Amino acid sequence: TGLSRPQRMLKAVQKNATKGDPQSVIAAIDYYCRHKEWAMNVGDDKGPILDSVVSEVNPSTALELGTYCGYSTVRIARLLSPGSKLITVEFNPAYAAVARQIIAHAGLQNKVTLVEGGSGDLIPKIKEQFGITSFDFVFLDHWKDRYLPDIKLLEDCGLLKKGSVLLADNVICPGTPEYLEYVRNSPRYKSQYFQSYLEYTKAEDGLEKSVFLG
Ligand SMILES: CCc1ncnc2c1ncn2[C@@H]1O[C@H](/C=C/CNC(=O)c2cc(-c3ccc(F)cc3)cc(O)c2O)[C@@H](O)[C@H]1O
Ligand SMILES: [Mg+2]
């Protein structure tokens, strides 16, 4: 089998989605992953919850940790107002290469900056490299044991401000116990759980929305 799963997903997008139409890219990936082969996209059960939080925050600056193939990157970027920016971080070059093509197929490359590298290395450099003082919205969907260290790093780098919204995927499955314990018990966050389903399955999963109180 020459192609990787992400490359097969990209082919399905290029075959079935209309260039410049983010909704058709989302639908093509969801159809492929539901009917052909599963993949760890936030998916079409949790996706509308992500959409509603992004629309409510209407971020000028947004950060995504763990691009993978760019499915949630497209979901977020398609809702951003003109002039707003999404920075997405991915340390696997092969995944980043697929994501760039999926983001481009959706016509959203001008709203998205995909940065290749580890989140721990990149977060301290974001201010100087991108001239960003803080993030209005952060979507966490990378290695689950990196959620907690990375939000502490965001706090320490002064990249969160009063009202910044964190949204974390997979807080039930695979689960992020240390992260949940922290955001639900810290006086610096107001946290809320949105129950849903693990992408393309009937298993429970959910998103945790945590507002930074400053
Ligand atoms: C070093 C920090 C750092 N810096 C930059 N990029 C990083 C990074 N750490 C990771 N990445 C990239 O992010 C993505 C990983 C994402 C990890 N996500 C899950 O593991 C997951 C699993 C299930 C599930 C699997 C099997 C089941 F049975 C059930 C559920 C469902 C889900 O929604 C899931 O998100 C990849 O592209 C990594 O290259
Ligand atoms: Mg996930």
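See the structure shown above.
If you're wondering where the values come from, they're calculated on a predicted model, not measured in any experiment.

Rules used in this analysis
Residues numbered from 1 in each chain as written. Chains lettered and ligands numbered in written order. Predicted model: local features only at pLDDT ≥ 70, side-chain atom pairs only at ≥ 80, totals over all residues. Heavy atoms only, no water. Helix = DSSP H or I, 4+ residues; strand = E, 2+ residues; numbered from the N terminus. Buried < 20%, exposed > 50% of the residue type's maximum accessible area, 1.4 Å probe, protein only. Contact = heavy atoms within 4.5 Å. Pairing = 2+ DSSP bridges. Axes fitted to C-alpha atoms, helices over the stretch in contact; angles between N-to-C directions. Near = heavy atom within 4 Å. Polar contact = N/O pair within 3.5 Å; in protein donor to acceptor, adjacent residues only side chain to side chain. Areas by Shrake-Rupley, 256 points an atom, 1.4 Å probe, with all protein chains shown as cover. Nonpolar A, V, L, I, M, F, W, Y, C, P; charged D, E, K, R; others polar. Core = buried A, V, L, I, M, F, W, Y, C linked by side-chain atoms within 4.5 Å.

### Details of the environment of Ser134
Within the fold, Ser134 resides in the loop between helix H7 (126–130) and strand E4 (135–140). Look at Ser134 and you get buried, because its relative accessible area is 11%. Put simply, Ser134 and Ala12 are 122 residues apart on the chain and 36 Å apart in space, counted from C-alpha to C-alpha. Among residues more than four places away in sequence, those in contact with Ser134 are Thr61, Gly158, Leu159, Leu160 and Lys161.

### Here we look at the sheet that holds strand E7 (residues 204–212)
Spatially, E3-E2-E1-E4-E5-E7-E6 is the arrangement adopted by the seven strands of the open sheet, whose pairing is mixed. The sheet is open, and its two edges are formed by strand E3 (112–116) and strand E6 (189–197), each paired on a single side. Strand-to-strand twist in this sheet, taken as the mean axis angle between neighbours without regard to direction, amounts to 15 degrees. Where strand E1 (residues 61–65) meets strand E2 (residues 85–90), five bridges bridge the pair, whose relative direction is parallel. Each residue of the ladder has a partner; that of Ala62, found in E2, is Leu86.

### A closer look at the site of ligand 1
The immediate surroundings of ligand 1 are formed by 22 residues, with Glu90, Asp141, Lys144, Asn170 and Glu199 found nearest. In the model, a nitrogen atom of ligand 1 is placed 3.0 Å from a nitrogen or oxygen of the Ser119 main chain. Measuring from an oxygen atom of ligand 1, one finds a side-chain N or O atom of Lys144 at 2.9 Å. Expressed as a share of its isolated accessible area of 790 Å², the protein-covered part of ligand 1 is 82%. Mapped by element, the contributors of at least two residues to the shell around ligand 1 are E2 and helix H9 (171–175). Per-class residue counts for the shell around ligand 1 are 10 nonpolar, seven polar and five charged.

### As for the nonpolar core
Within the largest apolar cluster, 41 residues are counted, with the highest numbers of intra-cluster contacts made by Met9, Ile29, Leu50, Ile76, Ile102, Phe137 and Phe139. Of all the elements in the fold, those that place two or more residues in this core are helix H1 (5–16), helix H2 (22–35), helix H3 (43–57), helix H4 (71–77), helix H5 (93–105), E3, E4 and strand E5 (160–168). When residues in this core are grouped by element, the largest group, six residues, is from H2. Grouped together as the second largest cluster of nonpolar side chains are 27 residues, Leu63, Leu148, Val183 and Tyr189 included.

### Looking at unusual backbone geometry
Here the amide bond leading from Cys173 into Pro174 is cis, since omega sits at 10 degrees, within 30 degrees of zero. Mapped onto the elements, Pro174 comes out in helix H9. If you check the backbone angles, Tyr68 has positive phi at about 55 degrees while not being a glycine. Inspection of the secondary structure assignment puts Tyr68 in the loop between E1 and H4. In this structure, Tyr200 takes a positive phi of about 60 degrees despite not being glycine. For Tyr200, the position within the fold is in the loop between E6 and E7. Here Tyr200 falls in the buried class, since its relative accessible area comes to 10%.

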